[in-house]
Amino acid sequence: MVFFSCNGCGEALKKNQVEKHSFQCRNATFSCIDCQLVFTRETHKGHIKCITENQKYGGKNYVEKENKGEAKQNAWVDQVNGAIDAVQDHEVKELLKSVAGFANIPRKEAKFINFLMNSCRLRDRNFALRAWQAIAAEAEKMRQEAIAKQEELQKTEREQKEAANSKSAKKDSDEENKKVESEENGTVNFKWKKVIKRKLKDNGGEMKIKKLRKEVLQEFSDAGGESENPTDLFSEKLEKCSNIQINGKLAQLQ
């Protein structure tokens, strides 16, 4: 429950007492007792919920946990405010504005109508029913929007999952195709540059190209590699080793 203090006479007021009191203290403003914010006769209506004692004294990093009952009531207040904006019937709009000033608005039709008849002193039950129908229409609209939003979210997640699965399947397929192609061509995944550099390092950084070729091709053969022109294949791989210099018949590691 939100309480105010009249800045004209200092009287403490419940939220639903402010408007009536404003006729007594004309042009007065009203301070919320909890948060100390100042409101006018009109703006106080939007101040439905204020900080709790825990929030007030819990420090700047304190986060208030919203219980289930409070969450439902807040959602209901949102529906009431939505109905105020959407409804075209001026009389219903004004009635809902006055209802929005109360802290605990009933969420069931029968109790809501009784609330209007008793707390708002409404005499026309059909008028009260029109107010309920306006809120119910807004509630259905919000429900449909929530369903559409959830469906859109699920669709997006499904599309992202399918895209990830498709990408993974393509990667597996590409790897399998490479494997098959390698087997059909009689080749293996041989690290030419790495082997050539290792051979040179093991021999002090330089070797005769003929000897280097012989040892590298032997290792290639031992790994299961096959080639119709092994000498040309070795020369091609050696040329791609940018950190190896060829000086006549010697290969030198830079």
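Data block above holds the structure.
First, a word on what this report is: a plain description of the structure on this page.

Reading the values: rules and limits
- Residues numbered from 1 in each chain as written.
- Predicted model: local features only at pLDDT ≥ 70, side-chain atom pairs only at ≥ 80, totals over all residues.
- Heavy atoms only, no water.
- Core = buried A, V, L, I, M, F, W, Y, C linked by side-chain atoms within 4.5 Å.
- Buried < 20%, exposed > 50% of the residue type's maximum accessible area, 1.4 Å probe, protein only.
- Helix = DSSP H or I, 4+ residues; strand = E, 2+ residues; numbered from the N terminus.
- Contact = heavy atoms within 4.5 Å.
- Phe/Tyr/Trp six-rings, centres within 6.5 Å; stacked < 30°, edge-to-face > 60°.
- Pairing = 2+ DSSP bridges.
- Axes fitted to C-alpha atoms, helices over the stretch in contact; angles between N-to-C directions.

Quick look at the nonpolar core
Point 1. Formed by 24 residues in total, the largest nonpolar core has its most connected members in Leu 96, Phe 112 and Leu 116.
Point 2. When residues of this core are traced back to their parent elements, those giving at least two are helix H3 (68-86), helix H4 (90-99), helix H5 (109-118) and helix H6 (125-184).
Point 3. If you tally residues by element for this core, the top one is H6, at 6 residues.
Point 4. Ignoring any residue separated from it by four or fewer positions in sequence, one finds Leu 116 in contact with Leu 95, Val 99, Arg 121, Leu 122, Ala 128 and Ala 131.
Point 5. One finds Ile 209, Leu 217, Phe 220 and Phe 234 within the second-largest nonpolar core, a separate group that totals 17 residues.

What to know about the packing of aromatic side chains
Point 1. Throughout the structure, instances matching the rule amount to 6 aromatic pairs.
Point 2. On the basis of an interplanar angle of 40 degrees and a centroid distance of 5.6 Å, the ring pair of Trp 76 and Trp 132 is categorised as tilted. With a gap of 56 residues between them, Trp 76 in helix H3 and Trp 132 in helix H6 connect regions that are remote in the sequence. In this structure, Trp 76 and Trp 132 share a single accessibility class: buried.
Point 3. Put simply, the rings of Trp 76, Phe 112 and Trp 132 pair up and form one aromatic cluster.

Remarks on the environment of Leu 217
Point 1. With respect to the helices, strands and loops of the structure, Leu 217 is situated in helix H8 (residues 209-222).
Point 2. Since its relative accessible area comes to 16%, Leu 217 is described here as buried.
Point 3. Between the C-alpha atoms of Leu 217 and Leu 233, which are 16 residues apart in sequence, the distance is 9.3 Å.
Point 4. Apart from residues lying up to four places away in sequence, Leu 217 is in contact with Trp 192, Pro 230, Thr 231 and Phe 234.

A few points about unusual backbone geometry
Point 1. The backbone phi angle of Asn 27 is positive, close to 65 degrees, even though this residue is not glycine.
Point 2. Here Asn 27 is to be found in the loop between helix H1 (18-21) and strand E3 (30-32).
Point 3. Note on Asn 27: relative accessible area 81%, which makes it exposed.
Point 4. The phi dihedral of Gln 36 falls on the positive side, at around 70 degrees, and the residue is not glycine.
Point 5. Relative to the helices and strands, Gln 36 is located in the loop between E3 and strand E4 (38-39).
Point 6. The class of Gln 36 is exposed, set by a relative accessible area of 53%.

What about the sheet that holds strand E6 (residues 244-247)?
Each strand in a sheet pairs with its neighbour through backbone hydrogen bonds, running either in the same direction (parallel) or in the opposite one (antiparallel).
Point 1. Strand order in this open sheet of 3 strands is E5-E7-E6, and the pairing throughout is antiparallel. A strand with exactly one partner marks an edge of an open sheet, and here the two such strands are strand E5 (206-208) and E6. Across the sheet, the axes of successive neighbouring strands diverge by a mean angle of 20 degrees, strand direction being ignored.
Point 2. Across 3 bridges, E5 lies against strand E7 (residues 250-253) in antiparallel orientation. The residue bridging Glu 206 from the neighbouring strand is Gln 252, located in E7.
Point 3. Contacts from H8 reach E5, E6 and E7 within the one sheet, and its direction differs from that of E5 by about 90 degrees.

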